[in-house]
Structures are given as structure tokens and as C-alpha cells.
Amino acid sequence: MTMITLIVQASIIIHEWSHCNAIGGTLDHESTVYGCQYWLPVLQRAWALKNAYSIQYFAENEPHLD
């Protein structure tokens, strides 16, 4: 199993855990990377903070893996 595969699997677990009310109570407002980075923060800030995909993408890409 590659390191990238492990990172993706871990980020999916983080995404699902973030739905639990005790952890974050997130919803799936937007699922695209573009929507999470550009659309939600500008037009729907409250949704951006409670978007499970935003948390998942953050877990996959911080620190940024160029």
C-alpha cells in the first residue's frame, strides 16, 4: 500500500468522523475541490465551516504535498 493510498483512506475516515455531532456535526454541502476552496468561503461562509469535504481536503493536503 502506498503512502498516498494511506493518506486518502485516513482522510475518508476523518470526513466520516466529522459528521458525528460530538466531533463536528458537519454536512456534505459541497464536494468539489473548487467549491470548497472558492465557492463556499465566498458565498456561504457558515456552510464552509460545517462542510465535511472541506475538512477531508484539508486533511489530505496539509502540509501541502507538492
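Just above sits the structure.
This structure is a prediction, so every number in the text was calculated from the model and none was measured.

Notes on the state of the cysteines
Disulfides are covalent bonds that connect the sulfur atoms of two cysteines.
1) Next: Applying the stated rule across the entire model yields zero disulfides.
2) Next: Counting only cysteine sulfurs, C36 is the nearest neighbor of C20, a cysteine outside any disulfide, at a range of 19 Å.

Thoughts on the packing of aromatic side chains
1) Next: Taken as a whole, this structure holds two aromatic pairs when the rule is applied.
2) Next: With centroids separated by 5.1 Å and ring planes inclined at 40 degrees, the aromatic side chains of Y34 and Y38 adopt a geometry described as tilted. On the criterion of helical spacing, the pair formed by Y34 and Y38 is a turn pair, its members being four residues apart in helix α2 (residues 33-43).
3) Next: We classify Y34 as exposed; its relative accessible area is 59%.
4) Next: Residue Y38 is classed as partly exposed on the basis of its relative accessible area, which comes to 45%.
5) Next: Ring centres of Y53 and Y57 lie 6.2 Å apart, and the angle between their planes is 35 degrees; on these two criteria the pair is classed as tilted. Separated by four residues within a single helix, Y53 and Y57 lie in helix α4 (residues 52-61), roughly one turn from each other.
6) Next: You can call Y53 partly exposed: its relative accessible area is 23%.

Cut-offs and rules
Residues numbered from 1 in each chain as written. Predicted model: local features only at pLDDT ≥ 70, side-chain atom pairs only at ≥ 80, totals over all residues. Heavy atoms only, no water. Disulfide = S-S within 2.5 Å. Phe/Tyr/Trp six-rings, centres within 6.5 Å; stacked < 30°, edge-to-face > 60°. Helix = DSSP H or I, 4+ residues; strand = E, 2+ residues; numbered from the N terminus. Buried < 20%, exposed > 50% of the residue type's maximum accessible area, 1.4 Å probe, protein only.

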